[in-house]
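Breakdown of the fold
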Amino acid sequence: MSRMYNVFLVDDEPFIIEGMKSIINWEDIGLQIIGHAYDGEEALKALQTKECNILLTDIMMPQMNGLELITALKVIKPHMKYIVLSGYQEFEYVKKGISLGIENYLLKPIDEEELAATLRNTIEKLQQLQHEDEDYYVLRDNAIWRWLNRDISHQELKKRLDIYDLHLHDSALVFAIVQLELEAHHRGERSGIRKWIEECLGCLCVINPEEEMILIWLSKRPDEVERDLHHLQMNLDQKQEVHDYFIALGKENCSSDDLFLSFYRTRDLLKYRFVISE
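Everything in this summary refers to the structure shown in the same document. Since the model is a prediction, treat every value here as computed from it, not as a measurement. (Residues numbered from 1 in each chain as written. Predicted model: local features only at pLDDT ≥ 70, side-chain atom pairs only at ≥ 80, totals over all residues. Heavy atoms only, no water.)

1. Structural notes on the sheet that holds strand β7 (residues 204–207)
Ordered by their spatial adjacency, four strands build an open sheet running β7-β8-β6-β9, and the pairing between neighbours is antiparallel. Edge positions in the sheet fall to β7 and β9 (242–249), since each of these pairs with one other strand and no more. Across the sheet, the mean angle from the axis of one strand to that of its neighbour is 25 degrees, orientation sign disregarded. Taken together, the four bridges between β7 and strand β8 (residues 213–218) define a ladder with antiparallel strand orientation. Among the inter-strand pairings, Val206 is bridged to a residue of β8, identified as Ile214. Sitting on the sheet, helix α7 (residues 190–201) touches β6 (173–182), β7, β8 and β9, and the angle it makes with β7 is about 160 degrees. Contacting β6, β8 and β9, helix α8 (residues 222–238) runs over the sheet at an angle of about 170 degrees to β9. (Pairing = 2+ DSSP bridges. Helix = DSSP H or I, 4+ residues; strand = E, 2+ residues; numbered from the N terminus. Axes fitted to C-alpha atoms, helices over the stretch in contact; angles between N-to-C directions. Contact = heavy atoms within 4.5 Å.)

Structure, rendered in structure tokens:
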């Protein structure tokens with residue numbers, strides 16, 4: 001099954017929100033609504049912990065308007081796509097929206113066909129971005145995985161990661177390994193969860209051949225890593241597509257030998273998953 005993309009709705013008028021939910025059949029075009037908010041501040045707070053691909057937002061709202069919301073989100077959600085709704089054909093708003101890279105500026109009352117066409121075009125862009133991401137991650141993950149298994153040297157790894165402008169030092173690294181079991185019809189969501197982890201936790205997330213997620217923190221204290229993992233657990237607990245998960249956390253490393261020892265011990269912890277009582 002092809003991936004479902006997540007949509008979040010923002011408008012200060014509840015009847016507009018309800019109307020948008022029913023104006024088209026979202027699932028038919030590969031979308032699911034994951035939430036809504038009635039002003040920009042509420043939306044920004046909610047989206048801090050949600051994996052969202054497309055935002056549909058009104059412009060004129062109390063507290064924080066739609067363009068201010070997009071400006072704030074572009075810092076923490078650089079790959080999200082934005083569609084703006086407005087009751088006014090204001091040139092300054094249109095110009096500002098274009099400068100922010102919005103997908104379209106739709107006038108209310110919303111035209112069903114124009115909205116559906118805009119969403120389909122946006123999905124095509126997301127799919128193209130996903131293919132580019134997959135190429136990037138396959139090569140990057142392969143290099144890091146081979147290094148962790150000592151198939152290539154640290155110097156060779158550095159050369160390969162220079163291509164991605166990544167600098168993986170062998171000091172102050174912390175590992176965690178996540179085994180993630182997804183519901184059968186959501187198997188394609190793993191890459192989206194990986195992207196959320198890297199954006200929100202600020203760590204590398206490598207998917208190995210067994211589809212385990214290897215999280216690598218650079219220069220973070222153990223207490224900061226523990227906070228990140230608590231955030232991750234809260235997010236995974238809320239995801240309907242996640243059937244079950246198990247996290248094994250390693251220790252902070254300060255030398256190459258400690259680093260590999262910590263990684264192997266962390267992997268060994270996974271063997272005890274089915275004997276530890278919940």
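Moving on from the coordinates now.
2. A short note on the sheet that holds strand β2 (residues 31–37)
Pairing in this open sheet of five strands is parallel, and the strands run β2-β1-β3-β4-β5 from one edge to the other. Looking at strand neighbours, the two that pair on one side only are β2 and β5 (104–107), the edges of this open sheet. Geometrically, the sheet is characterised by an average inter-axis angle of 20 degrees between neighbouring strands, direction not taken into account. Pairing of strand β1 (residues 5–10) with β2, which is carried by six bridges, proceeds in the parallel orientation. Counted as the bridge partner of Tyr5 is Leu31 from β2. Across the sheet, helix α2 (residues 40–47) is in contact with β1, β2 and β3 (54–58); its angle to β1 comes to roughly 155 degrees. The sheet strands contacting helix α5 (residues 112–148) are β1, β2, β3, β4 (81–86) and β5, and the helix crosses β4 at an angle near 165 degrees.

3. Digging into the packing of aromatic side chains
Each aromatic ring pair is described using two quantities: the centre-to-centre distance and the angle formed by the ring planes. Applying the stated criterion across every chain yields a total of four aromatic pairs. Seen from their ring centres, Phe263 and Tyr264 are 5.7 Å apart, and the 55 degrees between their planes marks the pair as tilted. The class for Phe263 is buried, based on a relative accessible area of 1%. Judged by its relative accessible area of 33%, Tyr264 falls in the partly exposed class. Above the face of the Tyr137 ring, Arg194 is positioned so that its terminal group lies 3.8 Å from the ring centre. (Phe/Tyr/Trp six-rings, centres within 6.5 Å; stacked < 30°, edge-to-face > 60°. Buried < 20%, exposed > 50% of the residue type's maximum accessible area, 1.4 Å probe, protein only. Lys NZ or Arg CZ within 6 Å of the ring centre and 35° of its normal.)

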